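Commentary on secondary and tertiary structure
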Amino acid sequence: MGANVCRPLCQDRRSEFDGRKDTMPAYAIAHLQDAAPHPDIAEYIERLPATLAPYGGRFLVHATPHEVKEGAWPGAVVMLGFPGITEARAWWDSPAYQEIAPLRSRHIEGDIILVEGVPDDYSPTGIVQAIRAALP
């Protein structure tokens, strides 16, 4: 869904999930550009797991091959899973992660987002209704 459609419709959908936001997983997703090998990058990767552990974070995808089905997606994908958005934010803001982040960011360009998941029984019905209501 394009940003122009999603922005007004996706701003705050927590009420749609009947107060279950504390049980929804969250993810850190990174789209990282290819970079030359560097000792800082090796150190970053070595130290990253210890920053995740206190927040229940774990690797879901780590620079594994991917298939581009539409558009372009050069580089690598990294996806981390967390019990919830609170833990994902706390990890990102933690002194331990902020200490090692420059080891990566000085050598690899990319985009990184934190995003909340949806419940297992999620249905897109609410978004469809909002799109139809926004039609001229």
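In short, a report on the structure. (Residues numbered from 1 in each chain as written. Predicted model: local features only at pLDDT ≥ 70, side-chain atom pairs only at ≥ 80, totals over all residues. Heavy atoms only, no water.)

Let us look at the packing of aromatic side chains. Enumeration according to the criterion identifies 5 aromatic pairs in this entry. Residues Trp91 and Tyr97 carry aromatic rings whose centres are separated by 4.4 Å and whose planes lie at 45 degrees to one another, so their mutual orientation is tilted. The exposure class of Trp91 is buried, given its relative accessible area of 3%. Here Tyr97 falls in the buried class, since its relative accessible area comes to 1%. (Phe/Tyr/Trp six-rings, centres within 6.5 Å; stacked < 30°, edge-to-face > 60°. Buried < 20%, exposed > 50% of the residue type's maximum accessible area, 1.4 Å probe, protein only.)

With that settled, consider the packing of helix 2 (residues 39–52) against helix 4 (residues 95–105). Following both chains from N to C, one finds helix 2 and helix 4 inclined at 155 degrees, their axes separated by 8 Å at the closest point. By the angle class used here, helix 2 and helix 4 are roughly antiparallel. Here helix 2 and helix 4 pass one another in a crossing that is left-handed. Of the residues in helix 4, those touching helix 2 at Asp40, Ile41, Glu43, Tyr44, Arg47, Leu48 and Thr51 are Ala96, Tyr97, Glu99, Ile100, Ala101, Leu103 and Arg104. Along the lines of polarity and charge, the residues of the contact of helix 2 with helix 4 split into 8 nonpolar, 1 polar and 5 charged. (Axes fitted to C-alpha atoms, helices over the stretch in contact; angles between N-to-C directions. Helix = DSSP H or I, 4+ residues; strand = E, 2+ residues; numbered from the N terminus. Parallel < 35°, antiparallel > 145°, perpendicular 65-115°, else oblique. Left-handed = near helix turned anticlockwise from the far one by under 90°. Contact = heavy atoms within 4.5 Å. Nonpolar A, V, L, I, M, F, W, Y, C, P; charged D, E, K, R; others polar.)

A regular strand carries its side chains on alternate faces of the sheet. For strand 3 (residues 76–82), the tally of buried residues reaches 6 of 7 residues, placing the bulk of the element in the interior. Strand direction decides the pairing type here: strand 1 (residues 26–32) and strand 3, joined by 7 bridges, are antiparallel. Of the residues in strand 3, the one forming a bridge with Ala28 is Leu80. As defined by bridge partners, strand 2 (residues 58–62) adjoins strand 3 across 4 bridges and the pair is classed as antiparallel. Note on strand 3: the bridge partner recorded for Phe59 is Leu80. (Pairing = 2+ DSSP bridges.)

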